[in-house]
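What follows is the residue order along each chain.
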Amino acid sequence: MLIDGLLNVLTVNNMLFAFLGCFFGTLVGVLPGLGPVSAVAMLFPLTSFLPPEGMIITLAAIYYGAMYGGSTTAILMKIPGEVASVPASLDGYELTKQGKAGPALAVAAIVSFMAGIIGSIAISLIGPNLAKYCLKFGPPEYLALAIFSLTAIAGLSGRSTVKGLIMAGIGMLLATVGTDVMTSLPRFSYGNETLLNGLDIAPVMIGIFGIGEILKEMGRQGSEKLYEGKIGKLMPNKQDLKISLAAGWRGTVIGTVLGVLPGMLASITSFLSYSFEKHRSKYPERFGKGAIEGVAGPEAANNAAAMAGFIPLLSLGIPTSPTMALILAAMFVLGVIPGPTMFTENATFTWTIIASFFVANIILLILNLPLVGLWAKLATVPYNIMAPIIITLCLAGSYSIRNTMFDVWVCLVFGIIGWIFSKLEWPVAPLVLGYILGPMLEGSWRQVVLMGGLSVLEGRPIFYAFIIMALLSVFITSRIRIAGGED
């Protein structure tokens, strides 16, 4: 099936979609403060006019293009395009000051490519088998899966889990707006016929992560100057390449294994990889002063985690991060519901998407190194020029989904809400997770009650396995937060 998917991807149109996704994803990714979530949200409207396969191919390419783009300005300017690139900036910028920017950028590209390919292989091998196993799931199992997925709130809540829980509750409440599927009664519609159809997920996400982020960044004045030294030769020497590939392999394993867990963001795996490399090194004092493995490990980890997130998304319909939630929203817009049947009922579509991961990673490797200078200069474009263009695209895209001005107002309102929450330091990612998982949790619980309540949970080992995993997830995340000095 993967061969069939590759043949579909290697058509002119799909190759073009992958190329454009990589290009524009990297373009947005290099802009300070605008990471993969913002890139996907901002460019989402432009993809709504594409055919189904083209839309998801482009959005996925935008995602890992933005993941790569964040490392460029992190290394050259010590201005990470997104949080996951912060560890790479610690040593990458030091290498730049030493005249070794070229090797640092080359290493970042090489290990990112390695992580992306290995992550794609993992999706190809694990996804179908996980989906077959999940065909045995009933309402109790889906209830436990939803509970396990909601443990991601702990990882997405910043410094306050209480705030995260409140935001998730708000997200679940918003998901109930519309007509109750089981009773056909209106909920929170207040007599408005448009609200009977509920709040479309796309304008909500575009508003929060697109307009909200731009409003937050519009206060920026000027930009940091690009380091004026030469980028120099691109290829590292044999010793640096050997060290980098080893660190990249370790980072890939960390990112792939942890990336499938809800709430284990690419940024977390990036920091974990950096910490691991520093602790295992015989010369930890080199870290922060230009250690090439301090670039390789984290960059591999965050790219591997980005790819691994597609495993639960395609097999279970579970987003492990806000970016995955946006891609899930795109599938909903197309009428494609990810889950165990993706590899059977939508096999051609699914394998074409998976095959596009291999192709896009190759495109990224070929595309980005020659354009390093361009990406660095684009990072200095002031927001007062970009903001009006991006906001216009967001509003136009929100309108185009259902051709109604109501969605434009929804996008604007949630953009302002997202901006206010960010100013107050309330995390919006748990709101998104609650919005996505709320219907699954509610529907599964209702079905369990109709089946006989708690008595049907007896003799359900998968149910209890997910509950145990949920408890472990909360415990592990709490330990990470405590180790990081968070409240």
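What counts and how
- Residues numbered from 1 in each chain as written.
- Predicted model: local features only at pLDDT ≥ 70, side-chain atom pairs only at ≥ 80, totals over all residues.
- Heavy atoms only, no water.
- Helix = DSSP H or I, 4+ residues; strand = E, 2+ residues; numbered from the N terminus.
- Buried < 20%, exposed > 50% of the residue type's maximum accessible area, 1.4 Å probe, protein only.
- Contact = heavy atoms within 4.5 Å.
- pLDDT = per-residue confidence, 0-100.
- Core = buried A, V, L, I, M, F, W, Y, C linked by side-chain atoms within 4.5 Å.
- Polar contact = N/O pair within 3.5 Å; in protein donor to acceptor, adjacent residues only side chain to side chain.
- Phe/Tyr/Trp six-rings, centres within 6.5 Å; stacked < 30°, edge-to-face > 60°.
- Axes fitted to C-alpha atoms, helices over the stretch in contact; angles between N-to-C directions.
- Left-handed = near helix turned anticlockwise from the far one by under 90°.
- Nonpolar A, V, L, I, M, F, W, Y, C, P; charged D, E, K, R; others polar.
- Expected span 1.5 Å × (residues − 1).
- Arc of directions from axis to C-beta.
- Patch = residues over 30% accessible without salt bridge, like charges linked within 9 Å, V, L, I, M, F, W, Y side chains within 5 Å.
- Areas by Shrake-Rupley, 256 points an atom, 1.4 Å probe, with all protein chains shown as cover.
- Salt bridge = Lys/Arg side-chain N within 4 Å of Asp/Glu carboxyl O.
- Parallel < 35°, antiparallel > 145°, perpendicular 65-115°, else oblique.

Moving on, we come to the overall build of the protein. Per the secondary structure count, the protein includes 21 helices and two strands. Classification of the 487 residues of the protein by burial places 56% in the buried group. Taking as baseline every contact in the protein between residues at least 6 positions apart, the subset at least 24 positions apart corresponds to 80%.

Per-residue pLDDT for the protein averages 80, and the proportion of residues at 70 or more is 87%. Throughout residues 221–229 the model reports pLDDT below 50, and contacts reaching past four residues in sequence, or to other chains, amount to 13 contacts.

Here we take up the nonpolar core. Core analysis: the largest hydrophobic core is formed by 87 residues, its most contacted members being L199, F209, F310 and F357. Residue contributions to this core peak at 13 residues, all from helix α16 (residues 347–368). Beyond its immediate chain neighbours, meaning those up to four positions away, F357 contacts A60, Y64, S120, I123, M307 and F310. Ranked by size, the runner-up nonpolar core spans 20 residues in total, among them F137, V456, L457 and F466.

Structurally, T26 can be placed in helix α2 (residues 12–29). Within polar-contact distance, the side chain of T26 engages the backbone oxygen of C22 at 2.7 Å.

Before going further, it helps to examine the packing of aromatic side chains. Across all of its chains, the model carries eight aromatic pairs by this definition. Seen from their ring centres, F310 and F357 are 4.6 Å apart, and the 45° between their planes marks the pair as tilted. Separated by 47 residues along the polypeptide, F310 in helix α14 (residues 310–316) and F357 in helix α16 bring together distant segments of the chain. On the basis of an interplanar angle of 75° and a centroid distance of 5.7 Å, the ring pair of F343 and W351 is categorised as edge-to-face. We classify F343 as buried; its relative accessible area is 11%. Exposure remark for W351: the relative accessible area of 9% places this residue in the buried category. Site record: aromatic cluster; members linked through ring pairs are Y63, Y64, F310 and F357.

Right, let's talk about the packing of helix α5 (residues 86–97) against helix α13 (residues 293–308) for a bit. The N-to-C vectors of α5 and α13 enclose an angle of 145°; their axes lie 8 Å apart at closest approach. The element α5 and its partner α13 pack so that their crossing is left-handed. Each of P87, A88, D91, G92 and L95 in α5 lies in contact with α13, whose residues at this interface are G294, V295, P298 and E299. Of the residues belonging to the contact of α5 with α13, the class tally is five nonpolar, two polar and two charged.

Between its first and last C-alpha, α2 extends 25 Å over 18 residues, near the 26 Å set by a 1.5 Å rise per residue. Within the span of α2, buried status applies to N14, F17, A18, G21, C22, G25, T26, V28 and G29. Down the axis of α2, the buried set is contained in an arc of 165°. They therefore lie on one face.

Think of an α-helix as turning once every 3.6 residues; residues three or four places apart then point the same way. Here helix α11 (residues 238–259) spans 30 Å end to end across 22 residues, near enough to the 32 Å set by a 1.5 Å rise per residue. Turning to α11, the residues buried within the fold contact α6 (101–134), α12 (266–280) and α13. A side-chain oxygen of the first residue of α11 lies 3.2 Å from the backbone nitrogen of Q239; this N-cap is N237.

Topologically, S189 is positioned in the loop between β2 (186–187) and α10 (201–217). Excluding residues that lie within four positions of it along the chain, S189 makes contacts with L195 and L196.

As a further point, take the environment of I467. Looking at the secondary structure, you find I467 in helix α21 (residues 461–483). Each C-alpha atom of the pair I467 and F148 lies 6.4 Å from the other, and the pair is 319 residues apart in sequence. In this view, I467 contacts A144 and I147; residues no more than four positions away in its chain are not counted.

Tracing the chain through its elements places G29 in helix α2. Along the primary structure G29 and Y63 are separated by 34 residues, whereas in three dimensions their C-alpha atoms are 8.8 Å apart.

On the surface, L16, F19, L20 and F24 cluster together into a nonpolar patch covering about 320 Å² of accessible area. Relative to the elements of secondary structure, L16 occurs in helix α2. Residue classification places L16 among the partly exposed residues on the basis of a relative accessible area of 42%.

With that settled, the discussion passes to the pattern of salt bridges. Under the counting rule described, the total for this entry stands at eight salt bridges. Where D180 meets R187, a salt bridge forms, and the shortest distance between an N and an O atom there is 3.6 Å. The pair D180 / R187 is uniform in exposure class, with both members buried. Between R446 and D180 there is a salt bridge, and its shortest N-O distance comes to 2.7 Å. Of this pair, R446 sits in helix α20 (residues 429–451) while D180 sits in the loop between β1 (178–179) and β2, and the two are 266 residues apart along the sequence.

Okay, the packing of helix α9 (residues 161–175) against α20 next. Between α9 and α20, whose axes approach to 7 Å, the crossing angle comes to 50°. Between α9 and α20, the crossing angle belongs to the class labelled oblique. The crossing of α9 and α20 is right-handed. Side by side, α9 and α20 meet where G164, M167, A168, I170, G171, M172, L174 and A175 of the first sit next to P430, L431, G434, Y435, G438, P439 and L441 of the second. The residue makeup of the contact of α9 with α20, split by class, is 11 nonpolar, four polar and no charged.

Moving on to unusual backbone geometry. Even without glycine at this site, S184 takes up a positive phi of about 60°. Its location among the elements puts S184 in the loop between β1 and β2. Since its relative accessible area comes to 53%, S184 is described here as exposed. Its identity as a non-glycine residue notwithstanding, F188 has a phi of 55°, on the positive side. Of note, F188 is situated in the loop between β2 and α10.

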